[in-house]
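Summary of structural features
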Amino acid sequence: MKTVIIIPTYNEVENIDRLLPSVFNNDVDILFIDDASEDGTSQRIKQWMDRSERINLIHRPMKLGLGTAYVTGFKWALKRGYQYIFEMDADLSHDPLEIPNFIKKAQEGYALVIGSRYTRGTISVVGWDFHRLLLSKFANKYAGTVLGLNFLTDITSGYRCYHRSVIESIELDRIRSNGYAFQIEMVYRAYKKGFRIGEIPIIFYERNSGSSKMNRKIVREAALMVWKLRFGRWK
Ligand SMILES: Nc1nc2c(ncn2[C@@H]2O[C@H](COP(=O)(O)OP(=O)(O)OP(=O)(O)O)[C@@H](O)[C@H]2O)c(=O)[nH]1
Ligand SMILES: [Mg+2]
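So, a few notes on the structure that sits alongside this text.

Cut-offs applied
- Residues numbered from 1 in each chain as written.
- Chains lettered and ligands numbered in written order.
- Predicted model: local features only at pLDDT ≥ 70, side-chain atom pairs only at ≥ 80, totals over all residues.
- Heavy atoms only, no water.
- Buried < 20%, exposed > 50% of the residue type's maximum accessible area, 1.4 Å probe, protein only.
- Helix = DSSP H or I, 4+ residues; strand = E, 2+ residues; numbered from the N terminus.
- Pairing = 2+ DSSP bridges.
- Salt bridge = Lys/Arg side-chain N within 4 Å of Asp/Glu carboxyl O.
- Near = heavy atom within 4 Å.
- Polar contact = N/O pair within 3.5 Å; in protein donor to acceptor, adjacent residues only side chain to side chain.
- Areas by Shrake-Rupley, 256 points an atom, 1.4 Å probe, with all protein chains shown as cover.
- Nonpolar A, V, L, I, M, F, W, Y, C, P; charged D, E, K, R; others polar.
- Contact = heavy atoms within 4.5 Å.
- Arc of directions from axis to C-beta.
- Axes fitted to C-alpha atoms, helices over the stretch in contact; angles between N-to-C directions.
- Parallel < 35°, antiparallel > 145°, perpendicular 65-115°, else oblique.
- Left-handed = near helix turned anticlockwise from the far one by under 90°.
- Phe/Tyr/Trp six-rings, centres within 6.5 Å; stacked < 30°, edge-to-face > 60°.
- Lys NZ or Arg CZ within 6 Å of the ring centre and 35° of its normal.
- Expected span 1.5 Å × (residues − 1).

Right, let's get into the pairing of strand 8 (residues 197-201). Along strand 8, 4 of the 5 residues are buried, which leaves the element largely enclosed by surrounding structure. Looking at chain direction, strand 5 (residues 112-116) and strand 8 are connected through 5 bridges and run parallel. The residue of strand 8 that forms the bridge with V113 is G198.

If you want it as structure tokens, here you go:
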């Protein structure tokens, strides 16, 4: 089955060399969406592209946000006939060893498979302080309650696998949100279209290198977006 892993990057040069070999252990193609990183991320990716045809790069002229990066990647992937389309962070928070587990779950009939840090009441996060954990747990509960998605445990997770039918059915140009909100919006839209959504347990490792792009604006955006989603202004 043709599979692509979409990886948005913004200043992740130190992580590329560590990430790529383990992604490559799987029979997948890779698409990077780099937003004009100033640290040489795209040059490093290009060096790898000389060695492998399985790597692709879309370079955007400025930092335009995670949501639009994925939308760009989704359109690219649909055009090229990929069946399974993954989202993955570049900072090694998402272990590529899990890729086969996502595909197995997808083949059991789940059109969207989310890698969850919070299955069965546990918390599988390495390296977060209490504040960050609380924020993530709260964001999940809050958004899950407003949107009726509490049957899922981790709707903000950015490690996931979509069957192409999900992406095809969603009007990508209408997606407004960018950070956490983007992840929530995609789950909600998939749910509203009636797709089967499943979760697999993952361990999330906080980044060791590079810096976080999380900020208050992203959190605020998510807090407001769930209500817009819920009351239909997005339709
Ligand atoms: N192309 C692109 N990638 C982005 C942008 N913002 C974040 N990313 C990438 O999206 C992924 C997730 O971003 P992170 O900064 O790790 O966000 P996070 O995981 O919530 O924060 P940390 O826990 O601190 O790592 C990483 O691969 C980033 O490089 C953006 O505006 N454009
Ligand atoms: Mg991260």
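With that settled, the discussion passes to the pattern of salt bridges. Throughout the structure, instances matching the rule amount to 10 salt bridges. A salt bridge links R117 to D154; the nearest nitrogen and oxygen atoms lie 2.7 Å apart. Taken together, the positions of R117 in the loop between strand 5 and strand 6 (125-126) and D154 in the loop between helix 5 (130-147) and strand 7 (160-163) put the pair 37 residues apart, joining distant regions of the chain. Looking at D154, the relative accessible area reads 0%, which means it is buried. Each of E12, D91 and R207 takes part in salt bridges that share partners, so that together they form one network.

Near ligand 1 lie 19 residues; those nearest to it are E12, D35, D91, R207 and S212. Here a nitrogen atom of ligand 1 and a backbone polar atom of T9 are 3.2 Å apart. At 2.9 Å from an oxygen atom of ligand 1 is found a side-chain nitrogen or oxygen belonging to K63. Contact with the protein chains hides 94% of the accessible area of ligand 1, taken as 630 Å² for the molecule alone. Here the residues of the shell around ligand 1 are counted per class, giving 7 nonpolar, 3 polar and 9 charged.

To continue, consider the environment of S42. Mapped onto the elements of the fold, S42 is located in helix 2 (residues 41-51). Residue classification places S42 among the buried positions, given a relative accessible area of 5%. C-alpha separation for the pair S42 and S209, spaced 167 residues apart in sequence, amounts to 17 Å. Non-local contacts of S42, meaning those with residues more than four positions away in its chain, are made with D34, L57 and H59. At 3.2 Å, the side chain of S42 forms a polar contact with the side chain of Q43.

The subject of this paragraph is helix 2. Among the residues of helix 2, those classed as buried are T41, S42, I45 and W48. Looking straight down helix 2, one finds its buried side chains confined to an arc of 115°; they lie on one side. Facing away from the buried side of helix 2, by more than 90 degrees, are the exposed residues D50 and R51. Contacts made by the buried residues of helix 2 are with strand 1 (3-9), helix 1 (13-24), strand 2 (29-35) and strand 3 (55-60).

At a minimum axis separation of 9 Å, helix 5 and helix 8 (residues 216-230) run at an interaxial angle of 15°. The angle between helix 5 and helix 8 places the two elements in the roughly parallel class. Both helix 5 and helix 8 take part in a crossing whose hand is right-handed. Between helix 5 and helix 8, the residues in contact are L135, Y142, A143, V146 and L147 and V219, A223, V226, W227, L229 and R230, respectively. Classifying every residue of the contact of helix 5 with helix 8 by side-chain character gives 10 nonpolar, no polar and 1 charged.

Glancing now at the packing of aromatic side chains. Scanning all chains against the criterion turns up 12 aromatic pairs. Judged by centre distance (5.6 Å) and plane angle (40°), the ring pair of F151 and Y191 falls under tilted. In this pair, F151 is assigned in the loop between helix 5 and strand 7 and Y191 in helix 7 (residues 180-192), connecting sequence segments 40 residues apart. Of the residues examined, Y191 reaches a relative accessible area of 34% and is grouped as partly exposed. Within the aromatic cluster, the residues linked to one another by ring pairs are Y70, F74, Y162 and F182. Over the ring of Y82 we find K2; its NZ or CZ atom is 4.5 Å from the centre of that ring. The aromatic ring of Y110 is capped on one face by R196, whose charged end is 4.2 Å from the ring centroid.

All right, on to helix 5 then. For helix 5, with 18 residues, the first-to-last C-alpha span of 26 Å sits near the 26 Å given by 1.5 Å per residue. Along helix 5, the residues that are buried comprise R132, L133, S136, A139, N140, A143, G144, V146 and L147. Buried residues belonging to helix 5 abut strand 6, helix 7 and helix 8. After helix 5 finishes, the residue G148 shows a positive phi value of roughly 70°.

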